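Here are the chains, one letter per residue:
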Amino acid sequence: MTERDQKTSAFIVIDIQNDFCPEGALGVAGGDTIIADINQEIERFDHVILTQDWHPADHSSFASQHQDRSPYEMITMPYGKQTLWPDHCVQGTHGAEFHKDLQWTKAELVIRKGYRKTIDSYSAFFENDHMTPTGLGGYLKERGIKNITLAGLATDFCVAYSALDAAAQGFNVTVLTDLSRAIDIDGSLQTMMKQMRNAGVNFR
């Protein structure tokens with residue numbers, strides 16, 4: 001990567017947290033196997049940003065907060081369709097911490113998402129209403145970033161929604177598919193890969 005590319009490029013690492021790794025509350029198969037290679041990518045980039053799911057214990061996306069509902073069921077919230085999840089990444093818990101093997105201290109910014117009780121947040125850029133910004137888009141533009149590379153957990157949810165929102169804001173977006181892992185609920189991986197391709201997201 002040239003010096004010019006370094007100045008205009010950022011690596012965004014999505015949700016490498018204990019609860020998304022195997023044996024976590026919402027463990028993604030193979031989620032911990034990508035960490036060593038993600039660490040190598042972190043070393044390659046001058047600009048590194050991390051996202052961190054950061055839910056209150058009574059978050060509305062938790063199945064436990066809805067009577068007679070189970071994890072992975074779909075319900076309708078005021079902002080649209082919402083998958084219900086097992087309780088995960090609760091603020092201040094071990095599950096919400098970054099995996100111990102992630103070399104994350106180089107990160108210049110950590111974006112916490114999902115901390116509003118009444119709305120979930122998959123994307124690093126917007127809450128699930130697709131209207132409430134996290135502020136990341138403005139930060140990147142003020143820093144002169146034009147190219148975004150994404151990797152992490154999970155491909156078909158937080159990585160994909162971040163990629164789609166980044167592309168919609170005019171960034172040149174690449175997803176490292178080998179350094180991402182999916183949950184894949186009812187074909188969600190295929191669905192989101194198609195949406196990303198249609199949005200002009202690149203894959204590597």
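Preceding this section is the structure that the text describes.
This section reports on the structure supplied with the text. (Residues numbered from 1 in each chain as written. Predicted model: local features only at pLDDT ≥ 70, side-chain atom pairs only at ≥ 80, totals over all residues. Heavy atoms only, no water.)

## Focus: the overall build of the chain
Working step 1: Within the chain, the secondary structure is distributed over 5 helices and 8 strands.
Working step 2: Counting helices and strands in the order they occur from the N terminus, the chain gives α-β-α-β-β-β-β-α-β-α-β-α-β.
Working step 3: In terms of C-alpha radius of gyration, the chain reaches 16 Å, essentially the compact-globule figure of 17 Å for 204 residues.
Working step 4: Judged by the C-alpha coordinates and their principal axes, the chain covers about 55 × 35 × 30 Å.
Working step 5: Here the chain, with 204 residues, has 51% of them falling under the buried criterion.
Working step 6: Averaged over its 18 positive side-chain charges, the chain has a centre that lies 8 Å from the centre of its 27 negative ones. (Helix = DSSP H or I, 4+ residues; strand = E, 2+ residues; numbered from the N terminus. Rg over C-alpha atoms; globule rule 2.2 N^0.38 Å. Buried < 20%, exposed > 50% of the residue type's maximum accessible area, 1.4 Å probe, protein only. Lys, Arg positive; Asp, Glu negative; His and termini not counted. Charge placed at Lys NZ, Arg CZ, Asp CG, Glu CD.)

## Quick word on the layout of surface pockets
Working step 1: If you add up the space inside the largest pocket, you get close to 340 Å³.
Working step 2: Lining the largest pocket are 18 residues, with Met74, Thr83, Tyr122, Phe157 and Tyr161 positioned closest to its centre.
Working step 3: Where the lining of the largest pocket is concerned, the elements lending two or more residues are β4 (80-83), α4 (155-168) and α5 (188-198).
Working step 4: Looking at the lining of the largest pocket element by element, the count peaks at 4 residues for β4. (1 Å grid on protein atoms, 1.4 Å probe; cavity = no way out; pocket = protein on both sides within 12 Å on 5 of 7 lines; lining within 4 Å. Points joined across faces, edges and corners; volume = space filled by probe spheres on them.)

## Comments concerning the packing of aromatic side chains
Working step 1: If you walk through the whole model with that rule in mind, you get 8 aromatic pairs.
Working step 2: Residues Trp85 and Tyr122 carry aromatic rings whose centres are separated by 6.4 Å and whose planes lie at 75° to one another, so their mutual orientation is edge-to-face. A residue pair is termed long-range when its members are at least 10 positions apart, and Trp85 in the loop between β4 and β5 (109-113) and Tyr122 in the loop between β5 and α3 (136-142) qualify at 37 residues.
Working step 3: Taking the relative accessible area as the measure of exposure, Tyr122 reaches 8% and is therefore buried.
Working step 4: Measuring from centroid to centroid gives 5.3 Å for Tyr122 and Tyr161, while their planes differ by 50°, and the two rings are tilted. (Phe/Tyr/Trp six-rings, centres within 6.5 Å; stacked < 30°, edge-to-face > 60°.)

## Observations regarding the pairing of strand β1 (residues 9-14)
Working step 1: For β1, the tally of buried residues reaches 6 of 6 residues, placing the bulk of the element in the interior.
Working step 2: Pairing of β1 with strand β6 (residues 147-153) involves 6 bridges; the strand directions are parallel. When the sheet's bridge partners are listed, Ile14 is paired in β6 with Gly152.
Working step 3: With 4 bridges joining them, β1 and strand β2 (residues 48-53) adopt parallel strand pairing. In the strand pairing of β2, Ile14 is matched with Thr51. (Pairing = 2+ DSSP bridges.)

## Thoughts on the sheet that holds β2
Sheet strands pair via backbone hydrogen bonds, and the direction of the pair is either parallel or antiparallel.
Working step 1: Read across the sheet, 6 strands follow the order β5-β2-β1-β6-β7-β8 without closing on themselves; strand pairing throughout is parallel. Across the chains shown, the open sheet's two edge strands, defined by having one partner strand only, are β5 and β8 (202-203).
Working step 2: Its contacts with the sheet put helix α2 (residues 35-44) on β1, β2, β6 and β7 (172-181), and the angle it makes with β1 is roughly 155°. (Contact = heavy atoms within 4.5 Å. Axes fitted to C-alpha atoms, helices over the stretch in contact; angles between N-to-C directions.)

## Things to note about the pattern of salt bridges
Working step 1: This structure, assessed with the given rule, holds 8 salt bridges.
Working step 2: When the shortest N-O distance is used, the salt bridge between Asp53 and Lys113 registers 2.9 Å. With Asp53 in strand β2 and Lys113 in strand β5, this residue pair connects regions lying 60 residues apart in the sequence.
Working step 3: The exposure class of Asp53 is buried, given its relative accessible area of 3%.
Working step 4: Among the charged side chains, a network of salt bridges with common partners joins Asp15, Asp53 and Lys113. (Salt bridge = Lys/Arg side-chain N within 4 Å of Asp/Glu carboxyl O.)

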